[in-house]
Amino acid sequence: MSKLNTVFNLDKVINTNSDLTINEEGLLNIKYSGTTASDESNSQLKGLITRDGDYLHIKLEVKFSLNNECSRCLKITKSEESIEVIEKLYLKNQNEYDLDFNNDLIDIYPILSEKVIDSISLVTLCSSECLGLCSICGKDQNLNKCSHEEKNLKESPFSSLSELDL
Ligand SMILES: [Zn+2]
Ligand SMILES: [Zn+2]
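Residues numbered from 1 in each chain as written. Chains lettered and ligands numbered in written order. Predicted model: local features only at pLDDT ≥ 70, side-chain atom pairs only at ≥ 80, totals over all residues.

*Asks:* Honestly, the overall build of the protein chain in this entry has me stumped. Any pointers?
*Replies:* Helices and strands together make up the secondary structure of the protein chain, namely three helices and eight strands. Reading the protein chain from its N terminus to its C terminus gives the helix and strand order β-α-β-β-β-β-β-β-β-α-α. A total of 166 residues make up the protein chain; the buried ones form 16% of that total. A sequence separation of at least 24 residues applies to 55% of the contacts in the protein chain between residues at least 6 apart. (Helix = DSSP H or I, 4+ residues; strand = E, 2+ residues; numbered from the N terminus. Buried ≥ 20, exposed ≤ 12 C-beta atoms within 10 Å, placed from the backbone. Contact = placed C-beta atoms within 7 Å.)

This is the structure:
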């Protein structure tokens, strides 16, 4: 499997007003606080890039798999995601993604990564009842609930974790 292509020649779109059909498949490696998008199964990128006057219209659908890391117990759960990317970029000026339309080849990766990261929620839980990891020994409390004595706290290699303000 190869990396998802996000570099397109927009010369014709910009200079002759012809539409560019996008249909790509490949690995999309976007990571955000433990959660990773499509780094081991193919993602799909489909849609159209067109020009309308001084604007470039990007309308794409991105399908990808997500490895969601639970914010409490760090367990990974997989999910299939599909997002719409709709952008209208002014051609005559700088744009928020710093795409330089004087070049023929434009990499739309910054747009994709922003939209994918937007779709990843900051706090992912494997279950709303997830008990997380033990702050003393680091074991998954969903599997087996620890009952430590308070005096062991200082001796534990994980005791510093509970003192960190994360
Ligand atoms: Zn969990
Ligand atoms: Zn423990």
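*Asks:* It is not clear to me how the pairing of strand β7 (residues 76-90) should be interpreted in this structure. Could you clarify?
*Replies:* For a regular strand, side chains alternate in direction, first toward one face of the sheet and then toward the other. By the bridge criterion, 15 bridges tie strand β6 (residues 55-69) to β7 in an arrangement that is antiparallel. When the bridges of β7 are listed, Ile58 appears paired with Glu87. Hairpin geometry of β6 and β7 is characterised by an intervening segment of six residues between the two adjacent antiparallel strands and by a positive phi of about 70 degrees at Leu74. (Pairing = 2+ DSSP bridges.)

*Asks:* Can you help me understand the nonpolar core in this one?
*Replies:* It is characteristic of soluble globular proteins that their nonpolar side chains tend to be buried jointly. Judged by nonpolar contacts, the single largest core of 20 residues is most densely connected at Ala37, Ile58, Val62, Phe64 and Val116. Broken down by secondary-structure element, the contributors of at least two residues to this core are β5 (43-52), β6 and α2 (109-119). Considering every element that reaches this core, the biggest residue donor is β6, with six residues. The contacts of Val116, once residues within four sequence positions are left out, are Ile30, Ala37, Val62, Phe64 and Ile83. (Core = buried A, V, L, I, M, F, W, Y, C linked by C-beta atoms within 7 Å.)

*Asks:* Any chance you could explain the environment of Asn68 here in plain terms?
*Replies:* By secondary structure assignment, the location of Asn68 is in strand β6. Apart from residues lying up to four places away in sequence, Asn68 is in contact with Thr35, Ile76, Thr77, Ser79 and Thr124.

*Asks:* Would you explain the pairing of β5 in this entry?
*Replies:* One ladder, built from seven bridges, connects strand β2 (residues 20-26) with β5; its direction is antiparallel. By the bridge assignment for β5, Gly26 is matched with Ser43. Relative to β6, β5 is paired through nine bridges, and the arrangement is antiparallel. The residue bridging Arg51 from the neighbouring strand is Leu56, located in β6.

*Asks:* What am I meant to see in unusual backbone geometry here?
*Replies:* What is expected of a backbone is that most residues other than glycine have negative phi and most peptide bonds are trans. Located in the positive-phi region is Ser33, a residue other than glycine, with phi close to 40 degrees. Along the chain, Ser33 turns up in the loop between β3 (30-32) and β4 (35-37). The phi dihedral of Leu74 falls on the positive side, at around 70 degrees, and the residue is not glycine. Looking at the secondary structure, you find Leu74 in the loop between β6 and β7.

*Asks:* So what exactly am I meant to see when it comes to α2 here?
*Replies:* Residues spaced three or four apart along an α-helix point in a common direction, a consequence of the helix completing one turn every 3.6 residues. Within α2, burial applies to Ile111, Leu112 and Val116. Axial view of α2: buried residues confined to an arc of 125 degrees, hence all on one face. Buried-residue contacts for α2 involve β3, β4, β6 and β7. (Arc of directions from axis to C-beta.)

*Asks:* I would appreciate a short explanation of the environment of Glu87 in the present structure.
*Replies:* For Glu87, the position within the fold is in strand β7. Assessed through the 19 C-beta atoms surrounding it within 10 Å, Glu87 is described here as partly exposed. For the pair formed by Glu87 and Ile49, sequence separation is 38 residues and the distance between their alpha carbons is 9.6 Å. If sequence neighbours within four positions are ignored, Glu87 has contacts with Ile58 and Ile111.

*Asks:* What am I meant to see in the environment of Met1 here?
*Replies:* With respect to the secondary-structure elements, Met1 resides in the segment before β1 (7-9). For the pair Met1 and Glu40, spaced 39 residues apart in sequence, the C-alpha separation works out to 8.4 Å. Once residues within four sequence positions are removed from consideration, Met1 is found in contact with Gly26, Leu27 and Asn42.

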